[in-house]
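# Results of the structural survey
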Amino acid sequence: MKEISILIADDEKEIADLIAIHLKKEGFHVIKASDGLETIRIVESQSIDLLILDIMMPKIDGYEVTKRIREKYNMPIIFLSAKTSDFDKVHGLVIGADDYMTKPFTPIELIARVNAQLRRFMKLNQTVKDIKNDLEYGSLVISLEQRKVTLYGEIIELTPKEFDILYLLASHPKKVFSVENIFTQVWGEAYFEGRNTVMVHIRTLRKKLEEDTRKEKWIKTVWGVGYAFNG
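The name recorded for the protein chain in an unreviewed UniProt entry is DNA-binding response regulator, from Robertmurraya siralis. Looking at the Subcellular location (unreviewed entry) heading of the UniProt record, one finds this comment for the protein chain: "Cytoplasm".

Overall, parallel pairing links the five strands, which are arranged β2-β1-β3-β4-β5 in an open sheet. Both edges of this open sheet fall to β2 (29–33) and β5 (99–102), since each of them pairs with a single strand only. Here the strands of the sheet are splayed against their neighbours by 20 degrees on average, with no regard to which way each runs. The pairing of strand β1 (residues 5–9) with strand β3 (residues 50–53) spans four bridges and is parallel. Within β3, the position partnered with Ile-8 by the bridge is Ile-52. Against the sheet, helix α1 (residues 13–25) makes contact with β1, β2, β3 and β4 (77–81), and its axis sits at roughly 170 degrees relative to β2, the strand it touches most.

Let us now look at the UniProt feature "domain: Response regulatory" (unreviewed entry) in the protein chain. When the UniProt feature table is mapped onto this chain numbering, "domain: Response regulatory" (unreviewed entry) sits at residues 5–118. The straight-line gap between the two end C-alpha atoms of residues 5–118 is 11 Å; of that span, 46% is helix and 20% is strand.

Overall, the coordinates contain six aromatic pairs when judged by the stated rule. Arranged with centres 5.8 Å apart and planes meeting at 85 degrees, the rings of Tyr-63 and Phe-79 form a pair that is edge-to-face. Within this pair, whereas Tyr-63 is found in helix α3 (residues 62–69), its partner Phe-79 is found in strand β4, the two being separated by 16 residues in sequence. Given a relative accessible area of 13%, Tyr-63 falls into the buried group. Between Phe-163 and Tyr-167 the ring centres are 6.2 Å apart and the planes differ by 15 degrees, which places this aromatic pair in the stacked class.

Criteria and cut-off values
- Residues numbered from 1 in each chain as written.
- Predicted model: local features only at pLDDT ≥ 70, side-chain atom pairs only at ≥ 80, totals over all residues.
- Heavy atoms only, no water.
- UniProt positions renumbered as here; feature names shortened; annotations may be inferred.
- Pairing = 2+ DSSP bridges.
- Helix = DSSP H or I, 4+ residues; strand = E, 2+ residues; numbered from the N terminus.
- Axes fitted to C-alpha atoms, helices over the stretch in contact; angles between N-to-C directions.
- Contact = heavy atoms within 4.5 Å.
- Phe/Tyr/Trp six-rings, centres within 6.5 Å; stacked < 30°, edge-to-face > 60°.
- Buried < 20%, exposed > 50% of the residue type's maximum accessible area, 1.4 Å probe, protein only.

In structure tokens, the structure reads:
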């Protein structure tokens, strides 16, 4: 079985060392980076299965690191940051992170979240291997195998979570999904306070699909219930 490699990107050595100790106890291979540029270099040169990323990093901050990584890679990213505002959390998730934890943190919770993200990602990869068909709705084409979306032949750049939400809805046209259902299926964890997170992702997804300027309204809001794909 392939050894799972986790990259810890944090300029606070004590925190990185603490996380590494607990991850190694779980049998993970651990790599560490202390700045944003080094983080990107490691991701590009080695096989990384999950990234634990601080936001306030030297040279390039965690937000910019995430944007650059998401141009090519889909591995889970967990933000671990001292920034605790709702804006920071939502912004981190919207630009491509899969989870967000605040400092101080408990190692046992971090390990649980790492395992949850790895399970979700591996399950998704297995689904990609099993399903090869594209979803086509007129001008909109959604390729699960390539995790690519095109609209009128133009590639639409989506974050992993935006893609997962769109594919979930488009796989079941006309079916209404509650916000709770979307959160549990896409994020792979219990629903607590995910309403704003889902709504922000739906809003940015609609914007990228140009629903404000085109006649097609791909995602329908069913007031008081949830969302459905208008395919």
